[in-house]
Amino acid sequence: MSVSYLLTLVVSGALLGIVLRLARAKTPPATPSGASPAPAGAAPHPTGATGGSSAERTSRRLRLATVLLFLLFLAAFGFHFYWAALVAGPLRVEGQFAGLKDREDQRLRRRVESQLRGWIYDRSHDPRRALARYRYRQGRFLRDYPLGAATAHLVGYGSLVRGESALEKVVLPRPDSLAPLPWWSRWLAMVRESPLPPVGRDLVTTIDFDLQRETYLQLQGREGAIVILDPISGEILALASSPGFEMEDVEIDARWTRLRSDQRRNPLLNRALHEYYLPGSTFKALTAAAAIEAGLDRQRFFCRSEGWLAPGAGRPIRDDRGDAHGEVDLAAAFPLSCNQYFAQLGVALGRQRMGTIAERAGLRLFSTPAASLRAGWAQGLWNSDEPMLASVLAPRQSTFVDGRGLSSYDLALESIGQGYLQVTALQMALVAAAIAHPEGRMMRPILEAGRPAETFQYSVETATAQRLRQMMREVVVRGTARRAFADLQGSGLSAGGKTGTAQRQVNQLDANGRPILQRDAQGRDRLRKTLRQDAWFIGFAPVDSPRLAIAVVLEGGGYGGEAAAPIAAALFRQAAALGLIRP
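Summarised in this report is the structure supplied together with it. (Residues numbered from 1 in each chain as written. Predicted model: local features only at pLDDT ≥ 70, side-chain atom pairs only at ≥ 80, totals over all residues. Heavy atoms only, no water.)

**Side note on helix 7 (residues 209-218)**
Here is step 1: Among the 10 residues that make up helix 7, 7 are buried, leaving the element largely enclosed by the rest of the structure.
Here is step 2: Within helix 7 the residues assigned to the buried category are Phe 209, Asp 210, Leu 211, Gln 212, Thr 215, Tyr 216 and Gln 218.
Here is step 3: Here the buried face of helix 7 lies against strand 7 (224-229), strand 8 (236-242) and helix 19 (560-577).
Here is step 4: Between the side-chain oxygen of the N-cap and the backbone nitrogen of Asp 210 there are 3.2 Å, and the N-cap of helix 7 in question is Asp 208. (Buried < 20%, exposed > 50% of the residue type's maximum accessible area, 1.4 Å probe, protein only. Helix = DSSP H or I, 4+ residues; strand = E, 2+ residues; numbered from the N terminus. Contact = heavy atoms within 4.5 Å. Polar contact = N/O pair within 3.5 Å; in protein donor to acceptor, adjacent residues only side chain to side chain.)

Right, here's the structure in full:
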């Protein structure tokens, strides 16, 4: 708050005090000059009656003026208190913005933009491999993004017109008063604007520059996301979403309008954190974990060409292309990714056991599908002491429905990664990392280099994790991912994983990217739906001592073993070339 604000409050308070004193002052009765008091028993003098009425009117006016001035004082005080205490003072919520959204205070935005944001480095802290930096050209400092669209959703953008997003919010200059100060210093700071440092603090991330670039290249021409992390520490090595965008697209109005209106490709969406997917057969790893820990891993079920009909259901669950695997157990069904086996296994486990394993894998449980649609964001997931970083990178909360109203058919679908569950790419990467961890721990993801590892929760037991790793090894040796990993196996680098193919209903779009409407039997307009087949792969490498875990999802990619698994194999190969993993 400036000194003029304080003077305004002081003057307003003084005027209010004067009016209050005048209102409380008693008005003496009006008596004509030189008149003697009326004798006892005489009628009141008419002049005295008139004077009394005038005094009452004056008193009412003073009271009205008092109320009006008091209301004005409250309005002025409330206005100044909001800006001084909540926005610029000790009660501020989010630094200098205090929760203001992007463009709501251009004066404050210009003040911040007059300073320089900090640099954003990759894990090497090498200026030549920075993710966001400044270059000096023609007398101006220009923000530079060496990897361009490859880090668009992670690093974000910073613009006077559009505001900031993602990590660019984290490296904004912060007022000096944000540092811990005694309470009297914090209130004293209200009489002046808190100075901004000339440059925001730098951020050294856990991202590997070369692996991030290669990860995005693997997504070129596709819609999808990839997350790669260290399962032991939780450090994120690459996080990419496609399609991306260039910073120039944000600054130019016409291009920005195209970015925002592109409903078909949705390039501003961070698909790694903010998009829901059905996990498909990758979820069978968790169904298998629940069976192992419940002692049901020796169960045998039949897989027939006509499919399996859940109790009370009118529609069978089949395997792709009408496959019939006969009578199989868990060891045989897992590399084959047999839908009928895992559907029956999930029903045998029951909704409570399935809900428990889903919750231990980081999914939030809901009793009804409608409630799960309001899950919100997974706040507090990141291993960070920086509230802004944890906020801008908060993913959508992955969910699983296990309520009493769940039918056997619904539970069977969830057990094979369909139905009433929704996950993010980051969450499935964390699931792969928990299985890869020697003790079955899910570590909190880290993006700030140098932070100590922190356990989020124990997802599976140690023995269960060990067995799952061997089962996932079989998937890439003789199962649904064997062709994709054939070359990698020849190089001596071992890997394990699980493919997935998820069928999801999405809005059908026209050539301009707008949803298509159709009229139903009641004459109401409905969005026309179409079936999209997303490709998945989750896995880790090497098998004996995993140092990388990965999740790949491709929207409309087809079969996971044919589309997503080759990408994972290529990235494992690249990571080995960079020295991030060894055979």
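The structure having been displayed, the exposition proceeds.
**Observations concerning helix 15 (residues 408-415)**
Here is step 1: When you tally the buried positions in helix 15, you get 7 out of 8 residues, the bulk of the element.
Here is step 2: What helix 15 keeps buried is the set Tyr 409, Asp 410, Leu 411, Ala 412, Leu 413, Glu 414 and Ser 415.
Here is step 3: Its buried side turned inward, helix 15 meets helix 10 (284-294), helix 12 (339-360), strand 12 (399-401) and strand 13 (421-422).
Here is step 4: Looking one or two places after helix 15, you find Gly 417, whose phi comes out positive at around 80°.

**Some points on the sheet that holds strand 7**
Here is step 1: Pairing is antiparallel across the open sheet formed by 5 strands, whose spatial order is 8-7-20-19-16. Whereas interior strands pair on both sides, the edge strands pair on one side only; in this sheet they are strand 8 and strand 16 (496-507). Ignoring strand direction, the axes of neighbouring strands in this sheet form an average angle of 10°.
Here is step 2: Summarising the sheet, strand 16 and strand 19 (residues 529-541) pair through 12 bridges and their orientation is antiparallel. When the bridges of strand 19 are listed, Asn 507 appears paired with Lys 529. (Pairing = 2+ DSSP bridges. Axes fitted to C-alpha atoms, helices over the stretch in contact; angles between N-to-C directions.)

**Some thoughts on the sheet that holds strand 11 (residues 364-366)**
Here is step 1: Reading across the sheet, the 3 strands line up as 11-12-13 and stay open at both edges, with mixed pairing between neighbours. Sheet topology places strand 11 and strand 13 at the edges, where each strand pairs with a single neighbour.

**Quick notes on the side chain of Thr 206**
Here is step 1: Tracing the backbone shows Thr 206 in the loop between strand 6 (203-204) and helix 7.
Here is step 2: Among the polar contacts listed, one links the side chain of Thr 206 to the backbone oxygen of Ile 236, at a separation of 2.6 Å.

**What to know about the packing of aromatic side chains**
Here is step 1: For the structure on display, the rule yields 10 aromatic pairs.
Here is step 2: Between Tyr 341 and Phe 342, the aromatic rings sit 5.3 Å apart at their centres with planes inclined by 80°, giving edge-to-face as the arrangement.
Here is step 3: Owing to a relative accessible area of 0%, Tyr 341 belongs among the buried residues under this scheme.
Here is step 4: According to the relative accessible area criterion, Phe 342 is buried, its value standing at 0%.
Here is step 5: An aromatic cluster is built from Phe 301, Phe 334, Tyr 341 and Phe 342, whose rings are joined through pairwise contacts.
Here is step 6: In this arrangement the basic side chain of Arg 143 is found over the ring face of Tyr 134, its NZ or CZ atom lying 4.7 Å from the centre.
Here is step 7: A cation over a ring is seen here: Lys 498 above Phe 334, with NZ or CZ 5.8 Å from the ring centre. (Phe/Tyr/Trp six-rings, centres within 6.5 Å; stacked < 30°, edge-to-face > 60°. Lys NZ or Arg CZ within 6 Å of the ring centre and 35° of its normal.)

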